[in-house]
Amino acid sequence: MAQSLTLKTQLASVEQQIEQACQQVQRAPDSVRLLAVSKTKPASMVLEAYQAGLREFGENYVQEAVDKITELAEYEDIQWHFIGPLQSNKTRLVAENFAWVQSIDRLKIARRLSEQRPQHLPPLQVLIQVNIDDEDSKSGIPLQQLPQLATEVSQLPQLALRGIMSIPAANASEQQQQQSFTALADAFHALKQQYDDVDTLSLGMSNDLATAIRHGSTMIRIGSSLFGKRQ
Ligand SMILES: *Cc1c(COP(=O)(O)O)cnc(C)c1O
């Protein structure tokens, strides 16, 4: 019981931060979706978050995620998002179990996901991951490669290209941060002009959600602020 009180309190605080950031730039609070990042947390916590009203969950590790998805299969309105680096030997499990993949960073993976997506399911909703600050530690493509990969991904039959995901550097200077967020916002608007289905800029985590929302993020991915620190 104590735990679900905490989750509710944390959720209320995140929702308040979303509202405040939206207010500052005159956006409607419901223009930002909240993805609850449940990696390393047990299915019981996902269920608590579900009972508090959340429906979209993000996972980074395929096997851990599939275990939770199986355990929570009766909650059919949960939308699972794969947000971690994806190896080609794991694409089938992802294609069969997730609604979204946010970490597309090469054509080979996108092709496999399209081929392996079961026909009875809707197309897999995908985002291309951009490594905006060129960090070696992060997946994603350089911004200059976005138009090319978007063209290729948009032609795959079992995928629907919905936009961009990025994880800007956590330790950047204020100026570098503004530059990166602005470049992502510009790239998103250009992509949106070109593709009818593109409507998602997945940007902002626990520590930078307000900056992300001010720069037009439509989906924030929140882990520790909701579920507590990870080990
Ligand atoms: C872990 C993770 C998050 C959540 O980060 P927090 O700082 O805990 O909110 C968001 N996005 C991605 C891609 C992640 O891997």
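It should be noted that the structure appears before, not after, this text.
This is a predicted model, so every value here is computed, not measured. (Residues numbered from 1 in each chain as written. Predicted model: local features only at pLDDT ≥ 70, side-chain atom pairs only at ≥ 80, totals over all residues. Heavy atoms only, no water.)

Participant: Sorry, what's going on with the packing of aromatic side chains here?
Facilitator: For any pair of aromatic rings, the description rests on two quantities: the centre-to-centre distance and the angle between the ring planes. Within the structure shown, the criterion is met by three aromatic pairs. Aromatic pair Phe-57 and Trp-80: ring centres 5.8 Å apart, planes at 40°, arrangement tilted. Taken as a pair, Phe-57 in strand E2 (residues 56-59) and Trp-80 in strand E3 (residues 79-82) lie far apart in primary sequence, 23 residues in all. The lysine or arginine in question, Arg-55, covers the ring of Tyr-50, its NZ or CZ lying 3.6 Å from the ring centre. (Phe/Tyr/Trp six-rings, centres within 6.5 Å; stacked < 30°, edge-to-face > 60°. Helix = DSSP H or I, 4+ residues; strand = E, 2+ residues; numbered from the N terminus. Lys NZ or Arg CZ within 6 Å of the ring centre and 35° of its normal.)

Participant: What am I meant to see in the nonpolar core here?
Facilitator: Side chains of nonpolar character tend, in soluble globular proteins, to be buried together. In this structure, Ile-18, Phe-57, Val-101, Leu-113, Ile-128, Val-153 and Ile-164 are the most contacted members of the largest nonpolar core, which totals 64 residues. Looking at this core, the element that brings in the most residues is helix H1 (residues 2-24), giving six residues. Ile-18 has contacts with Pro-29, Val-32, Leu-34, Leu-209, Ile-213 and Ile-220, leaving out every residue within four places of it along the chain. Judged by nonpolar contacts, the second largest core, of eight residues, contains Val-37, Ala-99, Met-165 and Met-219. (Core = buried A, V, L, I, M, F, W, Y, C linked by side-chain atoms within 4.5 Å. Buried < 20%, exposed > 50% of the residue type's maximum accessible area, 1.4 Å probe, protein only. Contact = heavy atoms within 4.5 Å.)

Participant: In this structure, what is going on with the site of the ligand? I would like to understand it.
Facilitator: Close to the ligand lie Val-37, Lys-39, Asn-60, Ile-83, Ile-167, Met-205, Ser-206, Arg-221, Ile-222, Gly-223, Ser-224 and Arg-230, which account for all nearby residues. Ser-206 is positioned with one of its side-chain polar atoms (N or O) 2.5 Å from an oxygen atom of the ligand. Note that an oxygen atom of the ligand is positioned 2.8 Å from one of the side-chain N or O atoms of Arg-230. Isolated, the ligand exposes 390 Å² of accessible area, and the fraction of that covered by the protein chains is 91%. (Near = heavy atom within 4 Å. Polar contact = N/O pair within 3.5 Å; in protein donor to acceptor, adjacent residues only side chain to side chain. Areas by Shrake-Rupley, 256 points an atom, 1.4 Å probe, with all protein chains shown as cover.)

Participant: Any chance you could explain the environment of Gln-24 here in plain terms?
Facilitator: Mapped onto the elements, Gln-24 comes out in helix H1. Sequence separation between Gln-24 and Ile-213 is 189 residues, and the spatial gap between their C-alpha atoms is 9.5 Å. Side-chain polar atoms of Gln-24 contact the side chain of Arg-214, separated by 3.2 Å.

Participant: Quick question: what am I supposed to make of the pattern of salt bridges here?
Facilitator: By the definition in use, this model includes seven salt bridges. For Arg-33, the salt bridge is made with Glu-56, and the minimal N-O distance between the two is 2.5 Å. Within this pair, whereas Arg-33 is found in strand E1 (residues 33-37), its partner Glu-56 is found in strand E2, the two being separated by 23 residues in sequence. Of the residues examined, Glu-56 reaches a relative accessible area of 12% and is grouped as buried. Lys-68 is the partner of Glu-59 in a salt bridge, and the nearest nitrogen-oxygen pair spans 2.9 Å. Residues Glu-59 and Lys-68 agree in their burial class; the two are buried. The network of salt bridges with shared partners includes Glu-59, Glu-64 and Lys-68. (Salt bridge = Lys/Arg side-chain N within 4 Å of Asp/Glu carboxyl O.)

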